[in-house]
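So the chains spell out like this:
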Amino acid sequence: FCCRTMEEANPSMKRIKVGICAMDAKAKSKAMRAILQRLEKTQKFEILIFGNQLLLQEPVASWPLVDCLIAFYSGGFPLEKASQYTEMNRHRMFVVNDLASQRLLLDRRLVSAILNLHSIPTPRSLIVSKDGLPSSPINSILPGAPPEIEERKDSILVNGAEVTKPFVEKPANGENHNIHIYYHSKDGGGSRRLFRKVNNQSSEGHPMVSTIRNRERESYIYEEFVKTNLAVASKATTGKPMQKDLKIYTVGESYAHAEARKSPEVDGKVERLPDGREVRHIVRLTEQEQSIASSIVRCFKQRVCGFDVLRASKGDSYVCDVNGWSFVKGNDQYYDKCGELLTEMFVKETQKIKEKFPPESAPLSDNWKLRGLVSVFRHADRTPKQKVKIKMTNPNILGLFSRADKEVKMKSDKNQKELSNLLDIIVTILNAPLDAQGNPPGVEGHDSRTRLQLVCTVVMNLYQGLKIQIKPHTIDTSVQPTVVKRALLVCKWGGMLTQQGEQQAWRLGKLYRNHVIKNDVNSRPLEYYLDPPPKISSNNERRVKRTAELVGAGFLQQEMNDPPPVADNTQTNHILGDINNAKDTIDDMKQQLHEIIHAPRMSDVKKVLRHCGVPPLEEMARSNQEKNPLIFLLNDLLNYLKCVCLRLETLSKSSGTEPTGESLSLMLQRWKRLTEYIYSHKTKQFDATKVPDVEDYVKYDIIHNRALLGDQLLTPLFSRAKVLADFIVPGEYGITPVDKLKIGYQTCKPLCKSIVQNISDMMTETKAPSIYLHFTSESHVHPLLNLLLHTSVVPMQKLDFFTELNYLTQVIFKVYEDTTRPDDPDRFIIQLFYSFGAIGDALACTPADNRILPVVPALCINKGVTFEQLQEIFFDSVCDL
């Protein structure tokens with residue numbers, strides 16, 4: 001059997017390219033070769049084994065493009081690079097087993113949480129976490145603190161909950177297979193240690209050792225021992241029944257192969273056939289086990305997956321481990337079935353991609369030429385936006401008002417003298433004796449001193465993006481002129497482009513020049529589009545304008561410190577920054593989302609979740625659980641937030657690495673404030689509007705402070721935050737298609753008018769610019785894209801995984817003209833494209849890329865609408881909503 005290289009492939013055969021993205025030891029194993037041979041025999045596939053050299057040494061950009069991908073983790077596998085590869089190509093490539101989900105399989109605690117969340121039965125268990133993650137049962141005050149453990153003769157207590165021997169002790173690390181079983185004293189006590197098979201040995205007994213492992217920073221799951229009824233007669237034990245393990249192997253949702261083997265718990269001796277293979281007995285699955293297999297495939301996004309089941313003596317079955325990619329060994333009947341199912345899967349899914357997924361280009365005949373384009377961008381990677389509010393009656397603060405009806409504004413790049421004066425006032429207040437309530441004089445709030453100290457630090461260091469607003473809160477109108485009696489001081493900072501974000505934007509500009517324009521087969525010479533020069537506009541947010549400057553510089557082949565002019569004025573801010581017209585409707589969406597997440601029962605939210613576009617939530621809606629899973633996810637998220645705060649508090653007590661762009665104390669304050677704001681202990685409710693901030697913070701710290709917090713904590717936090725944000729963020733811009741269109745029209749009417757005018761100028765004026773680049777924030781990109789994707793005027797192709805719009809999302813309108821009809825006003829068509837920006841998997845950023853997330857290519861969602869149809873999409877079809 002030989003897998004051909006790309007050079008050896010015959011392009012005329014148009015075979016489906018199947019990439020094997022795994023370490024050589026796994027990709028070239030006997031079982032894998034058996035499967036690949038069966039795929040080859042169909043003559044429908046070209047198999048490309050990536051190999052260790054490519055995976056470990058070559059940049060992702062040089063990896064081959066394939067139609068279908070088999071990719072799975074094993075020791076040494078570059079999971080970050082492989083995840084980046086799949087994220088960049090998921091619009092044109094079918095991936096058998098989701099790589100991002102494979103990170104979760106590396107921690108048995110996360111596996112257990114997913115199984116419970118989807119109502120998949122597992123043995124009762126307790127969790128002892130010593131690495132800063134929550135234990136179970138949880139300490140709700142300090143979830144990340146080491147749990148209280150009491151070991152008794154025949155049981156163990158964790159935070160007051162007890163599990164009685166016999167129980168199983170499993171390391172939380174999914175790659176650690178050293179599992180111990182502890183027995184009750186009435187059964188003789190002692191323990192048995194299980195491990196990966198060594199020759200014919202799989203475990204060894206320790207009758208004198210009954211004490212659990214207690215290693216520093218090593219976490220464990222303690223699981224009730226389940227006695228099984230899989231007792232199959234064995235010649236090795238003269239026909240006596242023995243304890244059996246059940247191993248299940250799936251290939252897609254509808255097929256599962258099950259085998260029973262002698263349990264290592266029996267005596268540790270491996271039963272083997274004369275040819276050396278382990279003795280295994282094929283087992284017919286129960287209806288419950290078949291349902292479990294389908295659920296595991298869906299909720300872990302692993303179509304080819306192995307997992308272990310305990311079929312209890314009372315008839316129920318329990319999942320005790322999920323392994324990810326697994327094959328049956330030495331079973332030709334299984335290999336035949338697997339080859340057959342994978343062939344069907346690959347043919348079906350590649351056809352689906354060709355028919356339903358938008359392509360990267362839609363070439364026209366030679367008589368069509370690109371006249372120009374209009375693009376709308378979201379800004380690049382930025383620092384977290386932060387804000388502190390303080391109500392104040394201090395006379396020195398009130399004395400800053402020149403008029404009672406006019407707020408005081410200061411910015412770090414414009415008002416350094418005024419900020420210095422404000423800093424002196426704040427220092428004076430902080431040094432003054434506290435009042436009777438324990439607050440600084442003239443400062444209100446139970447934690448007013450802490451917040452004022454934070455403002456003092458920010459102003460003293462002139463943090464990037466610093467903006468001070470002092471707003472009149474209470475005005476005394478009984479005197480003339482009126483005077484301010486109470487003020488609201490708002491201190492904002494952050495929200496500025498990171499160094500990575502600046503590089504990201506500049507690179508995108510160069511990509512636009514070389515790919516979006518030059519590589520368009522219908523384009524004219526590049527000089528045609530540069531005279532007159534591109535027209536670039538931005539709203540008045542500094543991160544947005546800086547993105548505009550850098551994309552423009554990259555596009556025009558200028559240096560980052562020599563950007564082209566960007567229009568940034570009242571008119572452009574109205575077009576690209578004003579959302580006031582949609583505020584009431586967006587507030588209504590937020591209220592509806594608040595009610596959805598706090599509904600107590602699954603029956604209250606099932607209809608919404610089943611069609612929400614977020615696969616994990618849609619799968620939860622299929623389960624038989626009774627409670628609203630959103631509440632569980634939010635509580636889980638809150639616990640992980642508390643773990644982050646505890647981790648940072650611990651780090652602050654020792655000298656070590658400082659975070660990027662801020663002090664450790666400020667980073668701690670950032671996470672602490674978010675943790676306090678997301679849940680109200682007074683109302684016992686969550687603030688769903690803070691969930692996007694959680695995702696924002698965790699993505700920033702994954703990219704910029706990953707070593708500080710560690711993947712063990714960041715992985716589950718990011719997983720929870722992303723699922724919730726993928727539901728909440730799009731919902732804020734409309735829950736139903738009608739809501740989405742309404743908010744799109746209310747928000748983007750001025751922008752749509754500008755786009756239409758830009759295109760009209762291109763079509764009618766020979767000296768009009770050919771390139772218009774508009775820069776804005778998520779608040780305009782989401783509604784604009786909703787107008788396009790949910791219109792009924794013309795059909796749109798879209799990705800079924802469209803949820804999140806990341807940094808540098810783009811919506812592109814390419815205008816083409818038929819050069820054979822120079823005098824025909826109807827000679828123009830408009831192709832519509834969008835890119836959801838930087839890849840969504842923040843954990844896929846690598847040091848080799850300087851932690852800069854690559855931007856996904858733009859996809860064509862409509863191959864040609866007329867100017868009149870575009871106007872109808874923007875105005876006529878939605879103006880009466």
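Residues numbered from 1 in each chain as written. Predicted model: local features only at pLDDT ≥ 70, side-chain atom pairs only at ≥ 80, totals over all residues. Heavy atoms only, no water.

Draft legend 1. Expanded view of the environment of E151. Its place among the elements puts E151 in strand β6 (residues 149–151). Along the chain, E151 and I212 lie 61 residues apart, while their C-alpha atoms are 8.0 Å from each other. Apart from the residues within four sequence positions on either side, E151 is in contact with S210, T211 and I212. From its side chain, E151 meets the backbone nitrogen of I212 in a polar contact 2.9 Å long. (Helix = DSSP H or I, 4+ residues; strand = E, 2+ residues; numbered from the N terminus. Contact = heavy atoms within 4.5 Å. Polar contact = N/O pair within 3.5 Å; in protein donor to acceptor, adjacent residues only side chain to side chain.)

Draft legend 2. Structural view of the nonpolar core. Counting 167 residues, the largest nonpolar core has I296, V322, F346, W671, I759, F813 and F874 as its most contacted members. When residues no more than four places from it in sequence are discounted, the contact partners of F346 are I16, V18, L39, F45, C68, I70, F94 and V96. F377, Y512, L526 and I771 belong to the second largest nonpolar core, which has 35 residues in total. (Core = buried A, V, L, I, M, F, W, Y, C linked by side-chain atoms within 4.5 Å. Buried < 20%, exposed > 50% of the residue type's maximum accessible area, 1.4 Å probe, protein only.)

Draft legend 3. A look at the sheet that holds strand β15 (residues 256–262). Strand order in the open sheet made by the 5 strands is β16-β15-β14-β17-β18, with antiparallel pairing throughout. Lying at the two open borders of the sheet, with one neighbouring strand each, are β16 (280–282) and β18 (317–324). Along the sheet, successive strands turn relative to each other by an average axial angle of 30°, direction set aside. Of the strand pairs in this sheet, strand β14 (residues 244–251) and β15 are connected by 7 bridges, and their pairing is antiparallel. Paired with K244 across the strands is K262, a residue of β15. (Pairing = 2+ DSSP bridges. Axes fitted to C-alpha atoms, helices over the stretch in contact; angles between N-to-C directions.)

Draft legend 4. Spatial organisation of the sheet that holds strand β2 (residues 45–49). As summarised here, the arrangement of the 4 strands in space is β2-β1-β3-β4, forming an open sheet in which the pairing is parallel. Among the strands making up the open sheet, the edge pair consists of β2 and β4 (94–95). With 4 bridges joining them, strand β1 (residues 16–21) and strand β3 (residues 68–71) adopt parallel strand pairing. Paired with C21 across the two strands is A71, which belongs to β3.

Draft legend 5. The side chain of T747, seen in detail. Here T747 lies in helix α23 (residues 737–764). Not counting residues within four places of it along the chain, the set of residues in contact with T747 comprises D578, I579, A582, S779, H780 and P783.

Draft legend 6. Expanded view of the packing of helix α15 (residues 583–598) against helix α18 (residues 629–652). Interhelical geometry of α15 versus α18 gives an angle of 90° and a closest axis separation of 7 Å. By the angle between their directions, the pair α15 and α18 is classed as roughly perpendicular. Only L630, I631 and L634 of α18 make contact with α15, whose side of the interface consists of I596, I597 and H598. Across the contact of α15 with α18, the residue classes tally to 5 nonpolar, 1 polar and no charged. (Parallel < 35°, antiparallel > 145°, perpendicular 65-115°, else oblique. Nonpolar A, V, L, I, M, F, W, Y, C, P; charged D, E, K, R; others polar.)

Structural measurements only, silent on function.
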